[in-house]
Amino acid sequence: MLYFILLFVLGLAFGSFFNVLILRYDSDKNIFSFSRISGRSHCPKCKTTLRWFELLPLFSFLIQKGKCRTCNVKLSYQYPLVETLGGMIFAGVPLFLNSFYGITNQAFFSFVAPYWYYGLVGAWVFVFCIFLLITAIDFRLFIIPNELTALLVLGGLAISGFSAFIEKAMMMPFRTSFLEQYILVFPAFAHGIWNHAMGAIVGFIFFLLLSLITRGRGIGFGDVKLAFAIGLLFGWPDIAIITMLSFIIGGLWSVGLMLVGAKKMKDRVPFAPFFVLGALLVFFFGSAIVKGYFGVFGL
Ligand SMILES: [Zn+2]
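Keep in mind it's a predicted model, so treat the numbers as computed, not measured. All chains use their own residue numbering, which begins from 1 and follows the written sequence. Where totals are concerned, whole chains, interfaces and linings use all residues; where local detail is concerned, this predicted model gives features only for residues with pLDDT of at least 70, and gives and counts side-chain atom pairs only at 80 or more. The basis for every side-chain value is the complete set of non-hydrogen atoms in the structure, without hydrogens or water.

## Here we look at unusual backbone geometry
Here is step 1: A cis amide bond, omega 5 degrees, links Trp-236 with the succeeding residue Pro-237.
Here is step 2: When you line up the elements, Pro-237 lands in the loop between α9 (221-234) and α10 (238-259).
Here is step 3: Phi is positive for Asn-72, close to 70 degrees, though the residue is something other than glycine.
Here is step 4: Strands are runs of DSSP state E lasting at least two residues, helices are runs of H or I lasting at least four, and both sets are numbered from the N terminus onward. Topologically, Asn-72 is positioned in the loop between α3 (59-63) and α4 (78-100).
Here is step 5: Burial status follows relative accessibility: with a 1.4 Å probe on protein chains alone, a residue under 20% of its type maximum counts as buried, one over 50% as exposed, and anything between as partly exposed. Exposure remark for Asn-72: the relative accessible area of 54% places this residue in the exposed category.
Here is step 6: A positive phi angle is found at Phe-111, which is not glycine, with a value near 60 degrees.
Here is step 7: Positionally, Phe-111 belongs in the loop between α5 (105-109) and α6 (115-141).
Here is step 8: For Phe-111, a relative accessible area of 63% translates into the label exposed.

Here it is as structure tokens:
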């Protein structure tokens, strides 16, 4: 438990760094460019340079009741939200994967789990951090920075590489689908790295067609590249369920906004946040969701 709290606090600190990346991003420079991320943080209104005790993730926001200490301007809820999500990623991803792969938390923290497993957990934590950045930036600017999608592809190569390595070298089947036994819903035609490659190709082609049909207004090319990356990360059939969930959630969100009059039919809605939400749901609750779906029909 203590170790998960420490991981959460570490995640808060990373979340604080992600806020800097998100808020200083504009598409003219690489998101990680040094000139952008260096330099002290200051209040967005009065430009006062923040002292160290105003930079403590989450705590500073709570103690200052979400206001600048100098000019009292209300600070964006993005700060504590992204920080908290960072903490949840760092603690929640290992917690979930431990139970998914049958590794005890004690074994995990005393470093007696197989060494490849730490690489796998690290890769998924990395992927979810990139997901967080993509979601926040697409929400704000309707852009998915190419460098972030490229990092997701890198994570996908690492994760599919692990699955291939474990199946070949360790001679044991590797649980690659988060749908577990419900993988049979859409039979997997390939194992290991080929399954991930198939997910990437299916995701890419499907979203490419959508983007051509909607002439890039509904689905942009950034979403097509993101579909390739998420397909590579999750493989087949998980990419199919992720896509369905993201359309359902995105559709409900748009209808909801129209009903309350906040959006019109022609207004743009960023798609990446829903895509990431679908991926998150399949990762943590994949088999429960499919099981619940079949439960409705009494199967
Ligand atoms: Zn201020």
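## Here we look at the coordination of the zinc ion
Here is step 1: All of the protein donors around the zinc ion are Cys-43 (SG), Cys-46 (SG), Cys-68 (SG) and Cys-71 (SG); their distances to the metal are 2.3 Å.
Here is step 2: Any nitrogen, oxygen or sulfur atom within 2.8 Å of a metal ion counts as a donor, with the limit raised to 3.2 Å for Na, K and Ca, and since water is left out, coordination shells can look unfinished. Under this scheme a four-donor centre is tetrahedral when all angles range from 85 to 135 degrees, a four-donor centre is square planar and a six-donor centre octahedral when opposite donors are above 155 degrees with the rest from 65 to 115, and any other centre is irregular. Every donor counted, the four donor atoms about the zinc ion form angles of 105 to 117 degrees at the centre, which fits tetrahedral coordination.
Here is step 3: Mapping the donors of the zinc ion onto the primary sequence yields the spacing C-x2-C-x21-C-x2-C. With a gap of 25 residues between them, Cys-46 in the loop between α2 (34-37) and α3 and Cys-71 in the loop between α3 and α4 connect regions that are remote in the sequence.
Here is step 4: A relative accessible area of 28% means that Cys-46 is categorised as partly exposed.
Here is step 5: Classification of Cys-71 by relative accessible area gives partly exposed; the value is 27%.

## A closer look at the domain arrangement of the protein
Here is step 1: The domain boundaries here were taken from an automatic or database domain assignment. Taken as a whole, the protein is organised into domain 1 (1-88) and domain 2 (115-299).
Here is step 2: In this analysis, two residues are considered to be in contact whenever any of their non-hydrogen atoms come within 4.5 Å of each other. Contacts between the two partners involve 14 residues from domain 1, matched on the other side by twelve residues from domain 2.
Here is step 3: For the domain 1 and domain 2 pair, buried surface summed over both sides reaches about 1100 Å², with 81% attributable to carbon and sulfur atoms.
Here is step 4: What gets called buried area is simply the loss in accessible area from a 1.4 Å probe that two parts show on being joined, summed for both. Among the residues domain 1 hides against domain 2, the three largest losses belong to Phe-18, Ile-22 and Tyr-25. Together they make up 48% of the total.
Here is step 5: In the sections that follow, a salt bridge refers to a side-chain nitrogen of Lys or Arg positioned within 4 Å of a carboxyl oxygen of Asp or Glu. Between the two partners, domain 1 and domain 2, sit zero salt bridges.
Here is step 6: Distance and chemistry together define a polar contact, namely a pair of N or O atoms within 3.5 Å, with one atom able to donate a hydrogen and the other to accept it when in protein, and with adjacent residues in sequence counting only for side-chain atoms on both sides. There are three residue pairs in polar contact (both at pLDDT 80 or more) connecting domain 1 and domain 2.
Here is step 7: Within the residue set of the side of domain 1 that touches domain 2, elements represented by two or more residues are α1 (2-24) and α4.
Here is step 8: As a working rule, the residues Ala, Val, Leu, Ile, Met, Phe, Trp, Tyr, Cys and Pro are called nonpolar, Asp, Glu, Lys and Arg charged, and the rest polar, with Gly in that last group. Considering only residue class, the side of domain 1 that touches domain 2 consists of nine nonpolar, four polar and one charged.

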